[in-house]
Every structure is written in C-alpha cells, then in structure tokens.
Amino acid sequence: MATLLDKAQMFRALHVPGSPLILPNAWDAASARVVAQAGARAIATTSAGIAWSLGYGDGDHLGRDQALHAIARITAAVDAPVTADVERGYATDPAGVAETVRGVLAAGAVGINLEDTLRPVAEQAERIAAARRAADEAGIPLFINARIDTHRLPPGDRAAWLDETLARGRAYAEAGADGIFVLGTLDARTVRTLVDSAPLPVNVLTGPGALPASELAGTGVARISAGSSIAEAAYGLVRRAARELLSEGTTDTLQGGFDYATLNTLLLAEPAR
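The rules we used
- Residues numbered from 1 in each chain as written.
- Predicted model: local features only at pLDDT ≥ 70, side-chain atom pairs only at ≥ 80, totals over all residues.
- Heavy atoms only, no water.
- Helix = DSSP H or I, 4+ residues; strand = E, 2+ residues; numbered from the N terminus.
- Rg over C-alpha atoms; globule rule 2.2 N^0.38 Å.
- Buried < 20%, exposed > 50% of the residue type's maximum accessible area, 1.4 Å probe, protein only.
- Contact = heavy atoms within 4.5 Å.
- Areas by Shrake-Rupley, 256 points an atom, 1.4 Å probe, with all protein chains shown as cover.
- Lys, Arg positive; Asp, Glu negative; His and termini not counted.
- Charge placed at Lys NZ, Arg CZ, Asp CG, Glu CD.
- Pairing = 2+ DSSP bridges.
- Axes fitted to C-alpha atoms, helices over the stretch in contact; angles between N-to-C directions.
- Phe/Tyr/Trp six-rings, centres within 6.5 Å; stacked < 30°, edge-to-face > 60°.
- Right-handed = clockwise from strand over helix to strand, strands pointing away.
- Salt bridge = Lys/Arg side-chain N within 4 Å of Asp/Glu carboxyl O.
- 1 Å grid on protein atoms, 1.4 Å probe; cavity = no way out; pocket = protein on both sides within 12 Å on 5 of 7 lines; lining within 4 Å.
- Points joined across faces, edges and corners; volume = space filled by probe spheres on them.
- Nonpolar A, V, L, I, M, F, W, Y, C, P; charged D, E, K, R; others polar.
- Patch = residues over 30% accessible without salt bridge, like charges linked within 9 Å, V, L, I, M, F, W, Y side chains within 5 Å.

**Q** What exactly am I supposed to notice about the overall build of the protein chain here?
**A** Assigned secondary structure in the protein chain consists of 11 helices and eight strands. Taken over the C-alpha trace, the protein chain has a radius of gyration of 19 Å; the compact-globule value for 273 residues is 19 Å, and the two agree within 12%. Principal-axis analysis of the C-alpha atoms places the extent of the protein chain at approximately 55 × 45 × 35 Å. A total of 273 residues make up the protein chain; the buried ones form 49% of that total. Put simply, 68% of the contacts in the protein chain that link residues at least 6 apart link residues at least 24 apart. Of the roughly 12,600 Å² of accessible surface on the protein chain, a fraction of 55% belongs to carbon and sulfur atoms. Of the charged side chains in the protein chain, 24 are positive and 31 negative; the average position of the first set lies 1 Å away from that of the second.

If you want it as structure tokens, here you go:
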C-alpha cells in the first residue's frame, strides 16, 4: 500500500517537460473513479466543480472544511495521487494557508493549486512560503502549483503580460513553489516562450478553444489540465437533456452515457491499494 510520502514522490516525478502529466479534473468521488479508470496517472480536483456540486459558486464561496471533506472523499475513492485545487488557500493570511495545507495532507492529497488573484507579489510569496513550511514540517514534499492570474490583466500587451507572469514565477519559485500554472487560451509560440523563460515547470489548460494536449506537449510544458471544462460539459449535458425531455419528451441527448450497472459496479469496487 502506497504511503502519502510514496504518492507525493510519485506525483512529483510525473512532471516531465515535453512529456506532460495530463489531468482530466474531477469534482467528486464518482468522477475521480471514472477518470482513474480511464487511465489517468493522477487525479486533480477542480475547485469550481467541487463548489458547484455542493451548491456554491466558484471563487472562495466554499468553506475550508467543506472543501477538505470533498478532497478526502476523492482521495479515498482512488489509489492514484491526488492534487487539490484550494483556490486562495481558504484563508486570509499565511497562517491560514498553512492550516489549509495541513488539512489537505490529512485528507490524503499530495499537491495543491494556490492562486494569487494578482495580489501583491510579496504577499503571495509569503503565503506560498507558509504552505511550503507546513508541508516540510509534515515530512511530505507537497507539490505546490502556483497559479498566476495574469489572465485577468487587460488584453493587448503580450510583452507586459509575459514580464509580469515571469516576475511572479521567479518570486514564487524562491518562496518554495514547485510549478507555475498559467490560465488563458494561449498559442504555441507564447507557451514555448513561457516554458523557455520560466524558473519552474509550467502547467497550462486544454479544453474547448485551446490547443490539444499533443501540441502543448511539443512546447515543453510539464502539466496539462482540463480545469473546470469537464464539469462544465457535464452540467451542460444536464441542461440539454432536461430541455429535450421537457420540450420534446425524448431522451436522445442521453445516448452514450454510462449504463447503470457499469457505473454502479465501478463505484462498488474498492480502489487498488
């Protein structure tokens, strides 16, 4: 049976530039089990998907305890390493971020995404450093993926965007981050420039409108995430199916889904340990 330390080391080793870790993000135990059965080497949560599934909007509306309970259910459902999207750390200060990290480790996850929301660089660096210390004190090499929210900057000046992204990446690397996560629909040239200049392995998104994983791998990224896009598609299916049934009385939209027995059997099975 793999220990938390084993899983943390395994997860860290999966980040290989040019041969990236691909993460179809999950939001509950069932979606995590489905993703694992599909062949994922690790499971990443989507904070948006978790919040939506519990009746909250994304963006720090979900409480820490609720998030940690959801993460624990996911880690219990799969044998693969799990990395948790913890939004801003569910905390207002570095000490609170450290408390969240201790909770994440207790829940069985070995990585986190921690977003900066464009807060002052020094403040975010302190939060990352607190997360690093908490993990080190626990003896677990938690993979801290520092999300850099420069996608929120006004569009147009790509040079300024790149400069700000790299400056934040350098500060976060010094604070103890292990990777940087950059959002937005980026072209291959931009991603390659980012990879060549960043001080840490780079994580980017794929999904509708974004480059496919095969092309992103060629840029040298170490990690590719679906983010909230799979959860969005799942809820989109709910809407289409509901509208079709209510307006037409038919269920053609539901073709291609799991059959009851297959999905139920998947959830009844114990994960390999």
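**Q** For this particular structure, what's the right way to read the sheet that holds strand β5 (residues 143-148)?
**A** Strand-to-strand pairing in sheets goes through backbone hydrogen bonds, with the strands running parallel or antiparallel. Strand order in the open sheet formed by eight strands is β1-β8-β7-β6-β5-β4-β3-β2, and the pairing between neighbours is parallel. Each edge of the sheet is formed by a strand with only one pairing partner; in this case those strands are β1 (21-23) and β2 (43-44). Direction of pairing for strand β3 (residues 82-85) relative to strand β4 (residues 111-115): parallel, over a ladder of three bridges. Along β4, the bridge assignment pairs Ala84 with Ile112. The sheet contacts of helix α7 (residues 158-175) involve β5 and β6 (179-182), and relative to β5 the element is tilted by about 155 degrees.

**Q** Which parts of the structure should I look at to understand the packing of aromatic side chains?
**A** Describing an aromatic ring pair means giving the distance of the ring centres and the angle of the ring planes. As enumerated under the stated definition, the model contains two aromatic pairs in all. Summarising the aromatic geometry, the rings of Phe11 and Phe143 are spaced 5.8 Å apart at their centres and angled 85 degrees between planes, so their arrangement reads as edge-to-face. Highlighted residues: Phe11 in helix α1 (residues 4-13) and Phe143 in strand β5, separated in sequence by 132 residues. Of the two residues, Phe11 and Phe143, both sit in the buried class. Measuring from centroid to centroid gives 6.4 Å for Trp52 and Tyr235, while their planes differ by 80 degrees, and the two rings are edge-to-face.

**Q** Would you mind showing me how to read the pairing of strand β7 (residues 202-205) here?
**A** Strand residues, when the strand is regular, have side chains that alternate between the two faces of the sheet. Sheet topology note: the β6/β7 ladder contains three bridges and is parallel. Paired with Val182 across the strands is Val204, a residue of β7. As for the winding sense of the linkage, the β-α-β connection from β6 through helix α8 (residues 188-197) to β7 is right-handed. Sheet analysis places β7 next to strand β8 (residues 223-225), joined by three bridges and oriented parallel. Within β8, the residue paired with Asn203 across the bridge is Arg223.

**Q** I tried to follow the pattern of salt bridges on my own but got confused; where do I start?
**A** It is possible for side chains bearing opposite charge to pair when their charged atoms get close. Considering all chains together, one arrives at 12 salt bridges under this definition. With a closest N to O distance of 4.0 Å, Glu115 and Arg88 form a salt bridge. With Glu115 in strand β4 and Arg88 in the loop between β3 and α5 (94-107), this pair connects stretches of sequence that are 27 residues apart. Looking at Glu115, the relative accessible area reads 6%, which means it is buried. On the basis of relative accessible area, Arg88 is assigned to the partly exposed category, the value being 26%. Of the charged contacts in the structure, one is a salt bridge between Asp178 and Arg132, with a shortest N-O distance of 2.8 Å. Of the two residues, Asp178 is situated in the loop between α7 and β6 and Arg132 in helix α6 (residues 121-138); the sequence distance between them amounts to 46 residues. It is possible to trace a salt-bridge network through shared partners that takes in Asp60, Arg88, Glu115, Arg147, Asp149 and Arg152.

**Q** Teacher, can you tell me more about the layout of surface pockets here?
**A** Unfilled space is identified by rolling a water-sized probe across the atoms. Empty space within the largest pocket amounts to approximately 500 Å³. Taken together, 30 residues make up the lining of the largest pocket; nearest its centre are Leu183, Leu205, Gly227, Ser228 and Glu232. Listing elements by their share of the lining of the largest pocket, those giving two or more residues are α3 (47-53), β4 and α10 (229-247). Top element by residues in the lining of the largest pocket is α10. It accounts for three residues. Considered class by class, the residues forming the lining of the largest pocket number eight nonpolar, 14 polar and eight charged.

**Q** Sorry, what's going on with a nonpolar patch on the surface here?
**A** There is a patch of nonpolar side chains on the surface, built from Trp52, Tyr235 and Val238 and spanning about 270 Å² of accessible area. Tracing the backbone through its elements, the reader meets Tyr235 in helix α10. For Tyr235, a relative accessible area of 34% gives the class partly exposed.

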